[in-house]
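Each chain, letter by letter, is given below.
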Amino acid sequence: MKFKRSPAANSATVTTVKSAASSSQDALAARLLVRETMRISANLATSSGSSSPMEVAAASASASQQAQVRSIVDDVKFGSLVEDGGGQFVDSSLRLICREEIDGRRWNYVAEKDGSGRFKKNSIRALSLQCPQAPTEELMSFVRSYVVPEGFPDSVSSSYVPYMMWRALKHFFGGAIGVFTTQTLLGSVGVSRNRAAPGAVAINWILKDGAGRVGKMIFARQGKKFDCDLKQLRFTGDLLMELGAGVELVTAAVPHLFLPLACAANVVKNVAAVTSTSTRTPIYKAFAKGDNIGDVTAKGECVGNIADLLGTGLSIMISRRNPSLVTTFAFLSCGYIFSSYQEVKSVVLQTLNRARFSVAVESFLNTGRVPSLQEGNKQEDIFNFPWKDKPIVIGSRFKDAFQDPGAFLSIEPLFEKERYVVTYNPSKGKVYALLKDQAKADDIVKAAFHAHVLLHFIQSVNDRQSLSRKHQEYDHSKFAPTSADLEARIAESCEMVSASYGHFKSKTAEQGWRMSDSLLNPGRARLY
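Residues numbered from 1 in each chain as written. Predicted model: local features only at pLDDT ≥ 70, side-chain atom pairs only at ≥ 80, totals over all residues. Heavy atoms only, no water.

A. Expanded view of the overall build of the protein. When its secondary structure is counted, the protein shows 18 helices and seven strands. Relative to its 528 residues, the protein shows a buried fraction of 36%. Nonlocal contacts in the protein, meaning residues at least 24 apart in sequence, comprise 67% of its contacts between residues at least 6 apart. As displayed, the protein has an accessible area near 30300 Å², and 58% of this comes from carbon and sulfur atoms. (Helix = DSSP H or I, 4+ residues; strand = E, 2+ residues; numbered from the N terminus. Buried < 20%, exposed > 50% of the residue type's maximum accessible area, 1.4 Å probe, protein only. Contact = heavy atoms within 4.5 Å. Areas by Shrake-Rupley, 256 points an atom, 1.4 Å probe, with all protein chains shown as cover.)

Dropping the structure here:
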C-alpha cells in the first residue's frame, strides 16, 4: 500500500537518513518498520510545521501506540532505509522486488545492485516487517496448531468450542478412572500377591498407554492432510499398525525391555488409530448417496467387528497347535497389508486432490481427455505419501522459488493479469506456483493447472535431450535452461493455459469430478 508524503515530510525523512550513521545488516528489518511508520506519520500530519513526522505520529497516537512510536524514533538515530517512489531505497543499492504475507506476518524481498545498476546474482534477501513474536505468543501458536483446526474459528461452527470443552473434561475423568480400573484388574487376575506389584505393573501399563496418547496427539497436527491425502494416509496407518504389532512381539524375546518397547509400539499403533479414525468418515461419505451417512457408518463398523471376531477365533484355534510365531505373523501381516491396499484402491472419490489432479492433467495434456472417476481413482498413486518430495509446490514462499531477482522481474509481466506466478527453479528441479493475495479458489486451481503444464513442457524437453544424449553416448543430465530458454517456456505455458484451461474445467465437470482448492493443500504465503 502506498502512502503519499508531504514535501516537508519527505525532506525530513531524507535529512534523517543522510545524517544517521550506517547500521549493520541485521537491523534491516527494523529499518523497514521505521519506513512504514514514517509514511503513516506523514498522513497524520495536518500541517508542515516545525514538528517532525515522528513527533506528529506520537502526538496523534493512543498511549500504547505512543510507546511503540517512541521506540521507533530511537531506532531512527542509528540509520534508516527509506523507499522512494519507484521501489528504490534512498542512499542504498537495494531495490524492493516484492512483498509477501503469511498469516498476517509480512516480509519485503529486496535485491542488491552492483555499480553498473544490474542486480547481483543470488542477492535476494527477505526482511521481516514485524518484531519477533513474544515467547508466550509462539507457545500459544504452537498449541493452537495441535488443538484447533486450520482456519479456526472461521472453519468450524459456533458449537465446536463448547463441544470440545465438555469432551476434554469427559476424557479427563475417564483417564483418571482408568488408572484405578487397570490396577484393580491386574490385581484380580493374580499378577502377584505382593501388594506393591499390581500397582507397579499398572503404572507401567498406564505409562505405555500414555505414550500412545502422546503419539496420537503429535500426529494429529497433520490435520488437513487427512482430507487432502486420504487414501495415502489410510494405507500408511495400516502399515504403522503392523509395525507396532511387530514391536509388541519383540517384547517376548527381550522382556527386560518391555516398557520402552511397549511404549514405542503403542505410539505407533495410536498414530495408526488417528489415521483410521480421521479418514473413516470421508470414505463412508463417498458411499452414501443420501442423508444416510450414519447408517452407512454403523453398518460398516459392524462388518469390521464381525470380521475381527472371526479372525480372533481363527487365531485361537491356530495358536493351540503352537505354530512358528514368526512365520504365522509374517503370513497374517502380508494378508493384512494386501487387503489394506485393495481396500483403499477400491474407494472412488469425486474430489481432485493433488494426486488425482496430476492424473487428470497429465491425461488431458497427453490425450486431450480427462479420465472418468473410476479411471482416475484407479491410477492414483497410493504410495505418493504427503511427506515425499513433490515436483510441484503450490503457494510456495518467494525465497524458495527465486534466488535471482532478474528471473522474477523477467516473467512478472507475463502474469500481470493473473493472480499467481508460476516458475521453474533449475537448481531444485521443481515448479513453483506463487499466489497473490487476491487469489480465489479458481485462481488456485488454475495456478495448479499452469504448474502442471509448465512441468509437462520441461519434462518433454528433458526427455528429448536425454534421448539425444543417449544416442550420442553422453551422460544423462537434467534440463538446465538458460534464463532466455526458461522465459520462453513459461511464455509458451501461458499461451497453453489461456487456450486450454476452460476446456479442462468443462471436461472434468462432464466426468463428475469436483475441483476444490482446499484439497490441493496450497501453502499460506501470498504476494501483495
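This is not the end of the story, as more comes after the structure.
B. Broad picture of the pattern of salt bridges. Within this structure, the stated rule accounts for 16 salt bridges. Among the ionic pairs, Arg 234 bridges to Glu 343, the shortest N-O distance being 3.6 Å. With Arg 234 in helix H9 (residues 230-250) and Glu 343 in helix H12 (residues 325-345), this residue pair connects regions lying 109 residues apart in the sequence. Overall, Arg 234 belongs to the buried group, its relative accessible area being 11%. (Salt bridge = Lys/Arg side-chain N within 4 Å of Asp/Glu carboxyl O.)

C. Inspection of a nonpolar patch on the surface at higher detail. Taken together, Trp 166, Leu 169, Phe 172 and Phe 173 make up a surface patch of nonpolar side chains, about 500 Å² in accessible area. Along the chain, Phe 172 turns up in helix H6 (residues 160-188). (Patch = residues over 30% accessible without salt bridge, like charges linked within 9 Å, V, L, I, M, F, W, Y side chains within 5 Å.)

D. Representation of the nonpolar core within the structure. Judged by nonpolar contacts, the single largest core of 54 residues is most densely connected at Phe 357, Phe 398, Phe 402 and Phe 449. Per-element tally for this core: the top contributor is helix H17 (residues 441-471), with 11 residues. If near-sequence neighbours (up to four positions away) are discounted, Phe 402 is found in contact with Ile 124, Ala 407, Phe 408, Ile 411, Val 421, Thr 423 and Leu 434. (Core = buried A, V, L, I, M, F, W, Y, C linked by side-chain atoms within 4.5 Å.)

E. Layout of the confidence of the model for the protein. In the predicted model, the protein carries a mean pLDDT of 74, and the fraction of residues at 70 or more is 67%. Confidence over residues 1-29 falls short of pLDDT 50; this stretch has 44 contacts with residues more than four positions distant or in other chains. The low-confidence segment residues 39-82 (pLDDT under 50) makes 67 contacts with residues lying over four places distant or belonging to another chain. (pLDDT = per-residue confidence, 0-100.)

F. Seen up close, the sheet that holds strand S6 (residues 430-435). Spatially, S4-S6-S5 is the arrangement adopted by the three strands of the open sheet, whose pairing is mixed. Taken across any chain shown, the strands that pair with only one partner, and hence form the sheet edges, are strand S4 (392-394) and strand S5 (420-425). Strand after strand, the sheet turns through a mean of 15° between neighbouring axes, direction not considered. Relative to S6, S4 runs parallel, the two sharing three bridges. The residue bridging Ile 394 from the neighbouring strand is Ala 433, located in S6. (Pairing = 2+ DSSP bridges. Axes fitted to C-alpha atoms, helices over the stretch in contact; angles between N-to-C directions.)

G. Expanded view of the sheet that holds strand S7 (residues 526-527). As summarised here, the arrangement of the four strands in space is S3-S2-S1-S7, forming an open sheet in which the pairing is antiparallel. Edge strands, defined here as strands with exactly one partner in the open sheet, are strand S3 (125-128) and S7. Where strand S1 (residues 94-102) meets strand S2 (residues 105-112), eight bridges bridge the pair, whose relative direction is antiparallel. Bridge pairing in S2 places Glu 100 opposite Trp 107.

H. Molecular detail of the environment of Val 497. Inspection of the secondary structure assignment puts Val 497 in helix H18 (residues 483-510). Sequence-wise, Val 497 and Leu 454 are 43 residues apart; in three dimensions their C-alpha atoms are separated by 9.4 Å. Ignoring any residue separated from it by four or fewer positions in sequence, one finds Val 497 in contact with Tyr 420, Lys 446, Phe 449, His 450 and Val 453.

I. The arrangement of the packing of aromatic side chains in detail. Scanning the model with the defined rule gives 14 aromatic pairs in all. Both rings, one in Phe 357 and one in Phe 504, keep their centres 6.0 Å apart while their planes meet at 80°; by these two values the pair is edge-to-face. Of this pair, Phe 357 sits in helix H13 (residues 354-367) while Phe 504 sits in helix H18, placing them 147 residues apart in sequence. Both residues of the pair, Phe 357 and Phe 504, count as buried. An aromatic cluster of at least three residues, connected via ring pairs, comprises Phe 357, Phe 364, Phe 449, Tyr 501 and Phe 504. Note that Arg 106 overlies the ring of Tyr 528, its terminal NZ or CZ placed 4.4 Å from the centroid. (Phe/Tyr/Trp six-rings, centres within 6.5 Å; stacked < 30°, edge-to-face > 60°. Lys NZ or Arg CZ within 6 Å of the ring centre and 35° of its normal.)

J. Looking closely at the packing of H9 against H12. As a packed pair, H9 and H12 sit with axes 9 Å apart at the nearest point and diverge in direction by 170°. On the basis of the axis angle, H9 is roughly antiparallel to H12. Between H9, through Lys 231, Arg 234, Phe 235, Asp 238, Leu 239, Met 241, Glu 242, Ala 245, Gly 246 and Leu 249, and H12, the contact on the second element is made entirely by Leu 325, Phe 329, Ser 333, Tyr 336, Ile 337, Ser 340, Tyr 341, Glu 343 and Val 344. (Parallel < 35°, antiparallel > 145°, perpendicular 65-115°, else oblique.)

K. Fine view of the side chain of Glu 380. Note on placement: Glu 380 falls in the loop between helix H14 (373-379) and S4. A distance of 3.5 Å separates the side chain of Glu 380 from the side chain of Asn 353, its partner in a polar contact. The contacts of Glu 380, once residues within four sequence positions are left out, are Lys 231, Gln 232, Lys 345, Asn 353, Ala 355, Arg 356 and Val 359. (Polar contact = N/O pair within 3.5 Å; in protein donor to acceptor, adjacent residues only side chain to side chain.)

L. Focus on the pairing of S2. Between S1 and S2, which pair antiparallel and follow one another directly, the connecting turn spans two residues, one of which, Asp 103, has a positive phi of 50°. Sheet topology places S2 next to S3; four bridges connect them, and they run antiparallel. Across the sheet, residue Trp 107 finds its bridge partner in S3, namely Ser 128.

M. Representation of the packing of H9 against helix H10 (residues 258-287) in the model. Interaxial distance between H9 and H10 falls to 8 Å at its minimum, and their mutual angle equals 155°. Classified by the angle their axes make, H9 and H10 are roughly antiparallel. Here H9 runs over H10; the crossing is left-handed. Counted together, Leu 230, Leu 233, Arg 234, Gly 237, Leu 240, Met 241, Leu 243, Gly 244, Ala 245, Val 247, Glu 248 and Val 250 of H9 and Leu 261, Ala 265, Val 268, Lys 269, Val 271, Ala 272, Thr 275, Ser 276, Thr 279, Arg 280, Pro 282 and Ile 283 of H10 form the full contact between these two elements. The residue makeup of the contact of H9 with H10, split by class, is 15 nonpolar, five polar and four charged. (Left-handed = near helix turned anticlockwise from the far one by under 90°. Nonpolar A, V, L, I, M, F, W, Y, C, P; charged D, E, K, R; others polar.)

N. Structural context of the side chain of Ser 340. With respect to the secondary-structure elements, Ser 340 resides in helix H12. Classification of Ser 340 by relative accessible area gives buried; the value is 3%. Excluding its chain neighbours within four sequence positions, the residues that come into contact with Ser 340 are Phe 235 and Asp 238.

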